[in-house]
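Listed below are the residues making up each chain.
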Amino acid sequence: MNIAFFLLPKNDVAAVRIDSTLRQTLERMEHHRYTAVPIIGHDGEYVGTVTEGDLLWYMKNSEGKVTFENASKFYLADVPLRMDNKPVSIDADMEDLINLAKVQNFVPVVDDMGRFIGIVRRSQIIEYCEKFVTRDDSIVRK
């Protein structure tokens, strides 16, 4: 099975750019109702994943300097990231993808130059596997 089969292309992913402000990041996450989103660098490379917790802890530890009202004056690049969502190469095998999906809600996918090309959601892998379990289960019942 090819990883591309599961790929949600970057055009359909609610990612943020590394030069986004905190406000832009918060608004994007709120709009899409995601608790974590990939960060894309200046050259299209996958930089990491930002979570609501990262933003909250950054604001808390700013000693009142960062608020929701002035979040447009601060940049995502300054936020320490606690989650380490490792990417997988589009050429990787399914075992690598599944190993990452066991511990990540989504797996960023990069090309051979490290540029972000999309994600694979854990739910997509589970849905694919469910077909086999359901099929095998119906065979056993007969």
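Per-chain numbering applies: the sequence of each chain, read as written, is numbered from 1 onward. Totals for whole chains, interfaces and linings use every residue, but because this is a predicted model, local features are given only for residues with pLDDT of at least 70 and side-chain atom pairs only at 80 or more, for both listing and counting. As a rule here, side-chain values come from all non-hydrogen atoms in the structure, and water together with hydrogens is ignored.

Novice: Got a minute to help me understand the environment of Val-110 in this structure?
Specialist: Think of it this way: any DSSP run of H or I at least four residues long counts as a helix, any run of E at least two long counts as a strand, and we number them from the N terminus. Looking at the secondary structure, you find Val-110 in strand β6 (residues 106-110). The spatial distance from the C-alpha of Val-110 to the C-alpha of Tyr-46 is 7.1 Å, given a sequence separation of 64 residues. Residue contacts are defined here by distance: any two heavy atoms, one from each residue, within 4.5 Å place the two residues in contact. Beyond its immediate chain neighbours, meaning those up to four positions away, Val-110 contacts Tyr-46, Pro-87, Val-88, Ser-89, Ile-90, Arg-115, Phe-116 and Ile-117.

Novice: How do you make sense of the pattern of salt bridges when you look at a structure like this?
Specialist: For side chains of opposite charge, pairing can occur when their charged atoms come near one another. One speaks of a salt bridge when a side-chain nitrogen belonging to Lys or Arg is within 4 Å of a carboxyl oxygen belonging to Asp or Glu. Using the criterion set out here, one finds five salt bridges in the structure. In this structure, Asp-19 and Arg-17 form a salt bridge, with 3.8 Å as the shortest nitrogen-oxygen distance. Any residue under 20% of the maximum accessible area for its type is buried, any over 50% is exposed, and the rest in between are partly exposed; the area is computed with a 1.4 Å probe on protein chains only. Residue Arg-17 is classed as partly exposed on the basis of its relative accessible area, which comes to 37%. For Asp-111, the salt bridge identified is with Arg-115, shortest N-O distance 3.0 Å. For Asp-111, a relative accessible area of 15% gives the class buried.

Novice: Is there a simple way to explain the side chain of Thr-25 in this structure?
Specialist: Position of Thr-25 relative to the elements: it lies in helix α1 (residues 22-32). A residue is classified by how much of its surface remains accessible, and Thr-25, at 0% relative accessible area, is buried. Beyond its immediate chain neighbours, meaning those up to four positions away, Thr-25 contacts Val-16, Ser-20, Val-50, Leu-55 and Leu-76.

Novice: How should the confidence of the model for the protein chain be read in this particular structure?
Specialist: For residues with low pLDDT, the predicted coordinates do not support detailed interpretation. Taken residue by residue, the protein chain gives an average pLDDT of 92. The fraction at 70 or more is 94%. Of all the helices and strands in the protein chain, helix α4 (residues 122-141) carries the lowest mean pLDDT, 75, while strand β2 (residues 16-17) carries the highest, 98. The predictor's confidence in any single residue is recorded as pLDDT, a number from 0 to 100.

Novice: Explain the packing of aromatic side chains to me, please; I cannot follow it from the model alone.
Specialist: Each aromatic ring pair is summarised here by two numbers: the centre-to-centre distance and the angle between the ring planes. We call Phe, Tyr and Trp rings a pair once their centres come within 6.5 Å, taking the six-membered ring for Trp, and we label the pair stacked below 30 degrees between planes, edge-to-face above 60, and tilted otherwise. If you walk through the whole model with that rule in mind, you get four aromatic pairs. Each ring, one from Phe-6 and one from Tyr-128, has its centre 5.3 Å from the other, and the planes form 90°; the classification is edge-to-face. Here Tyr-128 lies in helix α4 and Phe-6 lies in the segment before β1 (8-9), a separation of 122 residues in the sequence. Residue classification places Phe-6 among the buried residues on the basis of a relative accessible area of 4%. Exposure remark for Tyr-128: the relative accessible area of 21% places this residue in the partly exposed category. Relative to Phe-116, the ring of Tyr-46 has its centre 6.4 Å away and its plane inclined at 25°; by these criteria the two rings are stacked. Here Tyr-46, found in strand β4 (residues 46-51), pairs with Phe-116, found in strand β7 (residues 116-121); they are 70 residues apart in sequence, far enough to count as distant.

Novice: Where do I start with the pairing of β7 in this structure?
Specialist: Within a regular beta strand, the side chains point alternately toward one face of the sheet and then the other, so they alternate between its two faces. Relative to β7, β1 is paired through two bridges, and the arrangement is antiparallel. Bridging across to β7, Leu-8 finds its partner in Ile-119. Two strands qualify as a pair provided that DSSP identifies no fewer than 2 bridges between them. With five bridges joining them, β6 and β7 adopt antiparallel strand pairing. Its bridge partner being in β7, Val-109 is matched across the sheet by Gly-118. Remark: five residues form the turn of the hairpin made by β6 and β7, two consecutive strands paired antiparallel; Gly-114 in that turn has positive phi of roughly 80°.

Novice: What is the right way to look at unusual backbone geometry in this model?
Specialist: Note on backbone geometry: most residues besides glycine have negative phi, and most peptide bonds are trans. For Arg-33, which is not glycine, the phi dihedral falls at a positive 60°. By secondary structure assignment, the location of Arg-33 is in the loop between α1 and β3 (36-40). Of note, the phi angle at Glu-63 is positive, near 55°, even though the residue is not glycine. Within the secondary structure layout, Glu-63 lies in the loop between α2 (52-61) and β5 (88-89).

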